[in-house]
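Commentary on secondary and tertiary structure
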Amino acid sequence: MKSTEKTNKRRADDFRQGARDGIPIALGYFAVSFAFGMAAARDGIGAFYSALTSFLCLSSAGQFAGMDVIVAGGSLIELALTQLVINLRYLLMSFSLSAKLSPKTGIAPRLVMAHGVTDEIFAISAARQDLTPYYTWGAMSVAVPGWTAGALTGGILGDILPAFLLSAFGIAIYGMFLAIILPPAREDRAVLLVVLAAGAMRALFTWTPVLDRVSGGFAIIIVTVTVSGIAAFLHPHAEDASQENGEVSS
Amino acid sequence: MNGTRLLIYILVMAGTTYLIRMLPLVLFRREIKSPFLKSFLYYIPFACLAAMTFPEILWSADTRIASFAGFAVAVILAFRKKSLLTVALAACAAVLVVERLIVFF
């Protein structure tokens, strides 16, 4: 009896600490997701659907690329492939977190925790000494509502705001993406080359005859896999990739 | 767009993403060791976000010149390591200012 009480208290403490560490993440999420809701509204997707997407997917780049495919009327296969490639890094993060958990951790807590594997929640979870799913649950308990509420608010405002303001907000998400990729690119030449090569290759897909017939989702997949593959082959990343990944991307 | 179709799209998106996150946590208990695979996964977000940003950012606003202005401001501030929010809002402000100015020419 006594040990059960102790376990329960440990779980509650972990959860509370996770929730506390999740607050700054939730605030950042609100802003990014707000831009997502607004961009979706511009494309004619209602606030309810953007909020649902955010709640269920909990991924920034994946959601934006997915919405592009959806709005362009792409196939379900294209959509699933886009998600697979763009979100592939979560696979690595989940591997890493799985290795940190006690092998005794049951399936059910793992199933719930899996939904919360984002760049930021991964980063704080991986930094934990004794990671339990309850810590990650705590972070999710504030980060997921923040992410969802941002999309809902952005979606509603996107319907109300005048066109000239929406035109100005359209660039917000790209600004955020640049703020994610350029600071590390300044420090690491390999990252800089990856960024430049990916932009150049996507431009090729946009402006070259024949290539411009490839849909946006597939173009992103081809560019991402090709550039990352060549970079990994020519210049393997020395440090623990999983750790750094969590700090630089959103 | 038709609501049911949109819902199916969203569920496929969510399902794929969840499987990627769930399978390693449930099935495996060891970390990835291959340096190539680790590096590949490390570079993916950079390549992907860059491919999503350029050249699409050039027509993110209603006019080309305003988009260019926003792009320039975002690149400069991001290189100076300003926060996500600062970079995003400054790019929006640049677009807003340029689009308002165009009216006078």
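Residues numbered from 1 in each chain as written. Chains lettered and ligands numbered in written order. Predicted model: local features only at pLDDT ≥ 70, side-chain atom pairs only at ≥ 80, totals over all residues. Heavy atoms only, no water.

A few words on the overall build of chain A. When helices and strands are counted, chain A shows 13 helices and zero strands. What you see in chain A, going N to C, is helices and strands ordered as α-α-α-α-α-α-α-α-α-α-α-α-α. In terms of overall dimensions, chain A has a C-alpha envelope of 70 × 50 × 35 Å along the principal axes. Relative to its 250 residues, chain A shows a buried fraction of 55%. Excluding contacts between residues fewer than 6 apart, the proportion of contacts in chain A whose partners are at least 24 apart in sequence is 74%. Surface exposure of chain A reaches about 10,400 Å², of which carbon and sulfur atoms provide 67%. Here chain A carries 17 positive and 18 negative side-chain charges, and the mean point of each set is 9 Å from the other. (Helix = DSSP H or I, 4+ residues; strand = E, 2+ residues; numbered from the N terminus. Buried < 20%, exposed > 50% of the residue type's maximum accessible area, 1.4 Å probe, protein only. Contact = heavy atoms within 4.5 Å. Areas by Shrake-Rupley, 256 points an atom, 1.4 Å probe, with all protein chains shown as cover. Lys, Arg positive; Asp, Glu negative; His and termini not counted. Charge placed at Lys NZ, Arg CZ, Asp CG, Glu CD.)

Let us look at the packing of helix 6 (residues 107-114) of chain A against helix 1 (residues 3-27) of chain B. Helix-helix packing: each pair is described by the crossing angle between the helix axes and the interaxial distance. At their nearest, the axes of helix 6 of chain A and helix 1 of chain B sit 8 Å apart, and the two run at 150° to each other. Relative to helix 1 of chain B, the element helix 6 of chain A is oriented roughly antiparallel. Once helix 6 of chain A is placed against helix 1 of chain B, the crossing between them reads as right-handed. Residues Ile107, Arg110, Leu111, Met113 and Ala114 of chain A of helix 6 of chain A form the contact with helix 1 of chain B, whose own contacting residues are Tyr18, Arg21, Met22, Leu25 and Val26 of chain B. Split into classes, the residues belonging to the contact of helix 6 of chain A with helix 1 of chain B amount to eight nonpolar, no polar and two charged. (Axes fitted to C-alpha atoms, helices over the stretch in contact; angles between N-to-C directions. Parallel < 35°, antiparallel > 145°, perpendicular 65-115°, else oblique. Left-handed = near helix turned anticlockwise from the far one by under 90°. Nonpolar A, V, L, I, M, F, W, Y, C, P; charged D, E, K, R; others polar.)

A few words now on the domain arrangement of chain B. By the assigned domains, chain B splits into domain 1 (1-30) and domain 2 (35-105). Taking only C-alpha atoms, the centre of domain 1 of chain B and the centre of domain 2 of chain B are 29 Å apart. (Domains from an automatic or database assignment.)

Take the packing of helix 4 (residues 76-86) of chain A against helix 12 (residues 216-234) of chain A next. Residue and element names in this part refer to chain A. Contact geometry of helix 4 with helix 12 gives a least axis separation of 9 Å together with a crossing angle of 30°. Here helix 4 lies roughly parallel to helix 12, going by the angle between them. As for how helix 4 packs across helix 12, the hand of that crossing is left-handed. Where helix 4 approaches helix 12, its residues Glu78, Leu81, Thr82, Val85 and Ile86 are matched on the opposing element by Gly217, Phe218, Ile220, Ile221, Thr224 and Val225. Here the residues of the contact of helix 4 with helix 12 sort into seven nonpolar, three polar and one charged.

Here we come to the environment of Leu25 of chain B. On the secondary structure map, Leu25 of chain B appears in helix 1. Leave out the neighbours within four places in its chain, and Leu25 of chain B touches Ser94, Leu97, Ser98, Leu101, Arg110, Met113, Ala114 and Val117 of chain A.

In this structure, Ile173, Leu178 and Ile181 of chain A together with Tyr43 and Met52 of chain B are the most contacted members of the largest nonpolar core, which totals 84 residues. Leu101, Ala114, Val117 and Tyr135 of chain A belong to the second-largest nonpolar core, a separate cluster that totals 15 residues. (Core = buried A, V, L, I, M, F, W, Y, C linked by side-chain atoms within 4.5 Å.)

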